[in-house]
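Tertiary structure, described
Each chain is listed here by its residues.
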Amino acid sequence: MSSPAVSGPIDHHQDVTTSTGIPNKKLLMWAFLASDCMFFGTLISTHLVYRLYPPAGNPNPTEIFDIALTSFSTFILLMSSLMMALAVNAIQKGNLRSMRFSLLTTAFFGAIFLGCQVYEFWHFVVEKKMTITNSILGTTFFTLTGTHGLHVLIGVVWLMSMYFYSFSGRVGRKEAIDVETMGLYWHFVDIVWIVIFTAVYLLEYL
Amino acid sequence: MDATVKTHLIAQEPKAPAKPLVLWRPTATTGLISWLTTVDHKRIGFLYGVFALFFFLVGGVEALLIRAQLMFPNNNVLTAQQYNTMFTMHGTTMIFLAVMPLSSAFFNFIMPLQIGARDVAFPRLNAFSLWTFVAGAIVINIGWFHPGGAPDGGWFGYAPLTSKQFIPRHSIDFWVMGLQLLGVASIAAALNFIVTIINMRAPGMTMMRLPVFTWMTLITSFLIILSFPAITIALVELMMDRQFGTNFFEVSNGGMPILWQHLFWVFGHPEVYILILPAMGIVSEILPTFSRKPLFGYPIVVFSGACIGFLGFAVWSHHMFTTGMGTVATAAFALATMAIAVPTGVKIFNWIGTLWGGHLRMRTPMMFALGFVWMFMIGGFSGVMHAAAPADSQQQDSYFVIAHFHYVLIGGSLFALLAGIHYWFPLMFGRKVSEFWGKLSFWVIFIGFNVTFFPMHFLGLNGMPRRTFTYDGNMGWNTPNFIASIGAFTLGIGIAIYFAVMIYTYFKGEKVGRDPWDGRTLEWSISSPPPAYNFAVTPTVHARDAFWYEKHHKEEIAKENAEHAKAEREHGGIHMPHQSIYPFIASVGMLIGALASSALDSNAGQHKLAFAITGGVIMLVGIFLWSLEGADGYHLHLDKDGKIVEDPHAKH
């Protein structure tokens, strides 16, 4: 550990200062995501268990869901992952302007997803009369997708913070790890949505 | 040299320094501000220890009140309601506010020293864990000073018993919000420890050279990050039910009480190993030191620990044998539970193997450690009895269960933690507890503990139920209950002696130099109490018992250290992280938010919302400023004797 490459080229996959070569921030994010898997796992399990024992008068999910809208927002969220990957790639090459564009697009796509979700919630509550209190489906659905929405919201705030912060002159190739860590989080939130979309929506149409 | 050093060096050299942010950088080294803003893992560990011991005494008083009530039949020291509060708060306090943080105190203080690191990977996150833990402890205990009362639904909080319909008071809200904060604190701390152990090891410290205590820290941390989400979500669901009228546990709308039990015990059983694995780690350090032998079968001890961690996730339903899960599930969980006895037994035999043929030195830490092995075995035996589902359906909810888990939690966890305090006290404070008083406290605690809990085996088999505030005089339970209560007060006296001696020693105890026990691991290679920077030179590890190797290869190590010291000087000296107030501010925000949502009535309406939002905003501001101030620090320069020769707070 006594002679690190202080001025050499930056290798984004190796950090000579750590025992494993994995940067601390990246390892922290991976471990956190493992934990977050269990958070979502518990919520998804709750939904799936209660789905099997609907009480009398529980709304029929296929009459509630608007699968076309949700498929669209799912697609948008997946595309945001592409933009996130481009943002990480850009900052690793030191291309600040390209990173800013990709970050903004990622956040924008995330915001579209959130907009769809807000509309969906409003639609379910006002038009379909399913609220978080009046049925077990409403309870598990709104809690699970709402928790995911909260994750997306945190992601959008994080992306926008990084976007504005990048104008301070403190974001360069050396800070690529910060963008990459944020990217790990963002991709995870997308992947969880794929699981939720399958387990909550698509499953009802089998 | 830790990671932040290099990123810092790399960051500053090639580009022109950006305009520095004007954020407050506290530099106080004494006084209140220094403690609130500390990022030093040793100070944070010390604070964890102080808070844990305080709550340990609180939980102990609650236990004594319970035993006072049960001393005689039809007693009325406590009302039924007060009794509910006492057993709920005793369990919650001892598990979450005493044993876990006391383990965490050792994780913080000892683990970085054992791997040759200067701090944990994320020092400010560590401070955040500490203060969030304190916030959670405050929320759980605020009920003592609130008309809603302290939590009274059992430490397991079975829904729908804890739903608004059955307990409309705020007591459960405190429990729900407090435990969620503790979950955040535990997960943040565990993530930090995982990264630290995997990434911050000194050169040469391979995974299979890690001291066993560090290994158990790692396994425990994984258990925490994977099991706490289950209870956190269960608590969120209960909170949603209570605060927003959802139906998770509302039976009339399709909610199922069994779901709570599953979610709770998916967390609850790994939690048992979260409590015992650190204790096993401590004992695995003490026994070799006082037997003057290396740990017998190091790899198998480590793998047994990991095996217990894995199996710990596959046995939760043995807490639910009487709920009618069906034959197959019951048989499977019974078998998995019995399987855990195997790695546990392996550990016991390895400890015996360590003692075998050693030059045993019967010092106080050794006494507690031997007490641990013996008492933990008794608890383990009754545990295997519970694993048999038919037997368990007789023992369920009886005093036999109380006897079992107090043997593993007091005879197991607590004995090892008390041993650890004695063992590492000279390292932490440079003073040693007198052997006479140490051993006296051991014997009083040991006898008091057995007199309290051994009769409970018989009480349980004779049918005395748990969680019942009194009993009739004609049940045949009078004598064992009386004996148990006498034992409890003896145990209380023992604990009082223990702590009185600790406090005396802290101020007036015999001073000792470095390495008083002739230790084997790296924490003993530094002076006591340890300097802020831990190691003047980052050690290079050549063997499993790293410090033992150093003692027997002095010339080689001295030459190596001189080279490394020179290299480190050339790279700018020892990097120290700046103190920071922002983790504390973020925790205060969480405290305000949690108090608002638990202590205020819903019909307080906008006040409640306003306070909760205020808390959230304070938390967010704290987190934003925390990330804006950055992870940089300052550099220390030492002379040959380890004295600081340059301005410690010169900014780089």
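Preceding this section is the structure that the text describes.
Attention here is on the structure that accompanies the text. The shown structure was predicted, so the numbers you read here are calculated from the model rather than taken from an experiment. (Residues numbered from 1 in each chain as written. Chains lettered and ligands numbered in written order. Predicted model: local features only at pLDDT ≥ 70, side-chain atom pairs only at ≥ 80, totals over all residues. Heavy atoms only, no water.)

The next thing to look at is the overall build of chain B. Helices and strands together make up the secondary structure of chain B, namely 19 helices and four strands. What you see for chain B is a C-alpha radius of gyration of 25 Å, in line with the 26 Å of a compact globule of 652 residues. By principal-axis analysis of the C-alpha atoms, chain B measures approximately 80 × 70 × 50 Å. Classification of the 652 residues of chain B by burial places 60% in the buried group. In chain B, the proportion of contacts linking residues at least 24 apart, taken out of those at least 6 apart, comes to 82%. Only carbon and sulfur atoms are counted for the fraction: they give 70% of the accessible area of chain B, which is about 24,300 Å². (Helix = DSSP H or I, 4+ residues; strand = E, 2+ residues; numbered from the N terminus. Rg over C-alpha atoms; globule rule 2.2 N^0.38 Å. Buried < 20%, exposed > 50% of the residue type's maximum accessible area, 1.4 Å probe, protein only. Contact = heavy atoms within 4.5 Å. Areas by Shrake-Rupley, 256 points an atom, 1.4 Å probe, with all protein chains shown as cover.)

Let us look at the pairing of strand 3 (residues 574-577) of chain B. All names here are of chain B. Here strand 3 shows a buried face lined by Ile 574 and Met 576 and a second buried face lined by His 575 and Pro 577. Across four bridges, strand 3 lies against strand 4 (residues 633-636) in antiparallel orientation. Counterpart to His 575 in the pairing with strand 4 is His 635. (Pairing = 2+ DSSP bridges.)

This part is about the pattern of salt bridges. All names here are of chain B. Tallying each qualifying case throughout the model produces 16 salt bridges over all chains. Here Arg 242 and Asp 173 are joined by a salt bridge, their closest N and O atoms 2.8 Å apart. Note that Arg 242 is positioned in helix 7 (residues 212-244) and Asp 173 in helix 6 (residues 171-199), a separation of 69 residues in sequence. Given the relative accessible area of 4%, Arg 242 is considered buried. Between Lys 551 and Asp 515 there is a salt bridge, with its nearest N and O atoms 2.8 Å apart. Within this pair, whereas Lys 551 is found in helix 16 (residues 546-552), its partner Asp 515 is found in the loop between strand 2 (510-511) and helix 16, the two being separated by 36 residues in sequence. (Salt bridge = Lys/Arg side-chain N within 4 Å of Asp/Glu carboxyl O.)

All right, on to empty space enclosed by the protein then. Residue and element names in this part refer to chain B. The tally for this structure, following the rule as stated, stands at four cavities of 30 Å³ or more. Considered as a void within the structure, the largest cavity measures approximately 200 Å³ in volume. If you list the elements that add at least two residues to the lining of the largest cavity, you get helix 4 (80-114), helix 6 and helix 7. For the lining of the largest cavity, the class distribution of residues is 13 nonpolar, four polar and no charged. (1 Å grid on protein atoms, 1.4 Å probe; cavity = no way out; pocket = protein on both sides within 12 Å on 5 of 7 lines; lining within 4 Å. Points joined across faces, edges and corners; volume = space filled by probe spheres on them. Nonpolar A, V, L, I, M, F, W, Y, C, P; charged D, E, K, R; others polar.)

Moving on, we come to the nonpolar core. All names here are of chain B. Core analysis: the biggest nonpolar cluster contains 237 residues, and Phe 96, Trp 260, Phe 372, Phe 415 and Trp 424 have the highest contact counts within it. Setting aside chain neighbours within four positions, we find Phe 372 in contact with Ile 276, Ala 279, Met 280, Val 283, Trp 351, Met 377, Gly 411, Gly 412, Ser 413, Phe 415 and Ala 416. Ile 574, Met 576, Leu 636 and Leu 638 belong to the second largest nonpolar core, which has six residues in total. (Core = buried A, V, L, I, M, F, W, Y, C linked by side-chain atoms within 4.5 Å.)

Moving on: a nonpolar patch on the surface. There is a patch of nonpolar side chains on the surface, built from Leu150(A), Leu153(A), Ile154(A), Val157(A), Leu620(B), Ile623(B) and Phe624(B) and spanning about 590 Å² of accessible area. Counting residues per element, the ones that place at least two in the nonpolar patch are helix 5 (136-165) of chain A together with helix 19 (606-629) of chain B. Here the element with the most residues in the nonpolar patch is helix 5 of chain A; it accounts for four residues. Tracing the backbone through its elements, the reader meets Val157(A) in helix 5. (Patch = residues over 30% accessible without salt bridge, like charges linked within 9 Å, V, L, I, M, F, W, Y side chains within 5 Å.)

Let us now look at unusual backbone geometry. Residue and element names in this part refer to chain B. Omega for the peptide link from Ala 159 to Pro 160 comes to 5 degrees, which places this bond in the cis form. Relative to the helices and strands, Pro 160 is located in the loop between helix 5 (123-141) and helix 6. Going from Ser 528 to Pro 529, the amide bond is cis rather than trans, its omega being -10 degrees. Within the fold, Pro 529 resides in the loop between strand 2 and helix 16. With a phi angle near 60 degrees, Asp 397 is a residue other than glycine that sits in the positive phi range. Position of Asp 397 among the secondary structure elements: in the loop between helix 12 (389-395) and helix 13 (399-429). The phi torsion at Arg 467 lies on the positive side, around 60 degrees, for a residue other than glycine.

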